[in-house]
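# Chains, contacts and geometry: an overview
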Amino acid sequence: QLTGLHQIWNGTAWVNDTRLSYTYDAHNLNTIQITEKWTAGAWLNTSKVENLYDSNKNFTGYNSYLWNTGTSQWDNNYQVTSTLNSAGYSTHYLVKKWTAGAWANSYQYLYTLNSANLTTVREYQTWNTGTSNWVPATRSTFQYDNNDNNTYYLTEQYNTGNLLFENYYRSFYY
């Protein structure tokens with residue numbers, strides 16, 4: 001287990017702010033992270049993350065929880081799953097939010113990878129609860145040189161009026 005302590009300078013002394021506790025499994029994979037807030041002279045739970053891995057030790061997602069001070073229990077918050085290709089790289093990242101006692105779609109990322117498993121396209125989509133459909137939001141395109149260094153990055157925003165992606169931001173690396 002590893003603990004991280006964050007303090008804030010109040011003008012005359014360092015005072016406690018947050019404490020993070022990390023738990024690791026036998027393969028040294030971070031399985032649990034608990035965040036506590038220093039309140040009225042005591043550490044109080046605020047959030048917990050349970051990381052998930054496949055049998056090859058690839059990260060496949062996490063479940064997050066918020067501390068319920070009324071029940072003194074962890075309440076569901078987010079559920080994140082990552083779909084991996086055969087090489088262990090993420091091709092789909094799905095986020096669900098705990099709402100009204102059930103997991104509800106929130107947003108997702110779809111990844112297109114090249115033969116070196118570098119991301120060439122990343123599309124961000126949000127869930128429309130009214131239509132029960134995924135709605136495109138942004139699409140980012142990446143280009144690489146022969147050494148797999150990122151040389152170009154373009155982000156486009158989805159225009160729901162004309163149903164097209166439109167230029168928004170780009171970066172060049174040289």
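Attention in this report is confined to the structure presented alongside it. Because the structure is a prediction, the values reported are computed rather than measured.

### Structural notes on the packing of aromatic side chains
Under the counting rule described, the total for this entry stands at 14 aromatic pairs. Measuring from centroid to centroid gives 6.3 Å for Tyr109 and Tyr111, while their planes differ by 25 degrees, and the two rings are stacked. For Tyr109, a relative accessible area of 24% translates into the label partly exposed. Under the relative-accessibility criterion, Tyr111 is labelled partly exposed at 22%. Grouped by ring-pair contacts, the aromatic residues Tyr93, Tyr107, Tyr109, Tyr111 and Tyr124 constitute a single cluster. Against the face of Tyr78 rests Lys97, its NZ or CZ located 4.7 Å from the ring centre.

### What about the environment of His92?
Mapped onto the secondary structure, His92 falls in strand β7 (residues 90-99). Once the C-alpha coordinates of His92 and Glu123 are considered, the two residues, 31 residues apart in sequence, prove to be 9.6 Å apart. With near-sequence residues (within four places) excluded, His92 lies in contact with Thr81, Ser82, Thr83, Gln108, Tyr109, Leu110 and Tyr111. Separated by 2.6 Å, the side chains of His92 and Gln108 make a polar contact.

### As for the pattern of salt bridges
Summed over the entire model, instances satisfying the criterion amount to four salt bridges. Ionic pairing is found between Glu36 and Arg19, a salt bridge with its closest N-O pair at 2.8 Å. Highlighted residues: Glu36 in strand β3 (residues 30-39) and Arg19 in strand β2 (residues 14-24), separated in sequence by 17 residues. Between Glu50 and Lys48 there is a salt bridge, with its nearest N and O atoms 3.2 Å apart.

Conventions used here
Per chain, residue numbering runs from 1 following the sequence as it is written. The predicted origin of the model limits local features to residues at a pLDDT of at least 70 and limits the giving and counting of side-chain atom pairs to 80 or more, whereas totals for whole chains, interfaces and linings rest on all residues. Excluding hydrogens and water, the side-chain values take into account all heavy atoms of the structure. Any two of the Phe, Tyr and Trp rings considered here, Trp counted by its six-membered ring, make a pair once their centres fall within 6.5 Å; the pair's planes then place it as stacked at under 30 degrees, edge-to-face at over 60, or tilted in between. Classification of residues uses two cut-offs on accessible area relative to the type maximum, computed with a 1.4 Å probe and protein chains only: under 20% is buried, over 50% is exposed, and between them is partly exposed. Charge over a ring is defined by NZ of Lys or CZ of Arg lying within 6 Å of the ring centre and within 35 degrees of the ring normal. For the purposes of this entry, the term helix denotes a DSSP run of H or I that reaches at least four residues, the term strand denotes a run of E that reaches at least two, and both are numbered from the N terminus. For this analysis, residues touch if any pair of their heavy atoms sits within 4.5 Å. Between N or O atoms, a polar contact is any pair within 3.5 Å; within protein, one atom must be a potential hydrogen donor and the other a potential acceptor, and residues adjacent in sequence are included only when both atoms are from side chains. Salt bridges are defined by distance alone: a side-chain nitrogen of Lys or Arg within 4 Å of a carboxyl oxygen of Asp or Glu.

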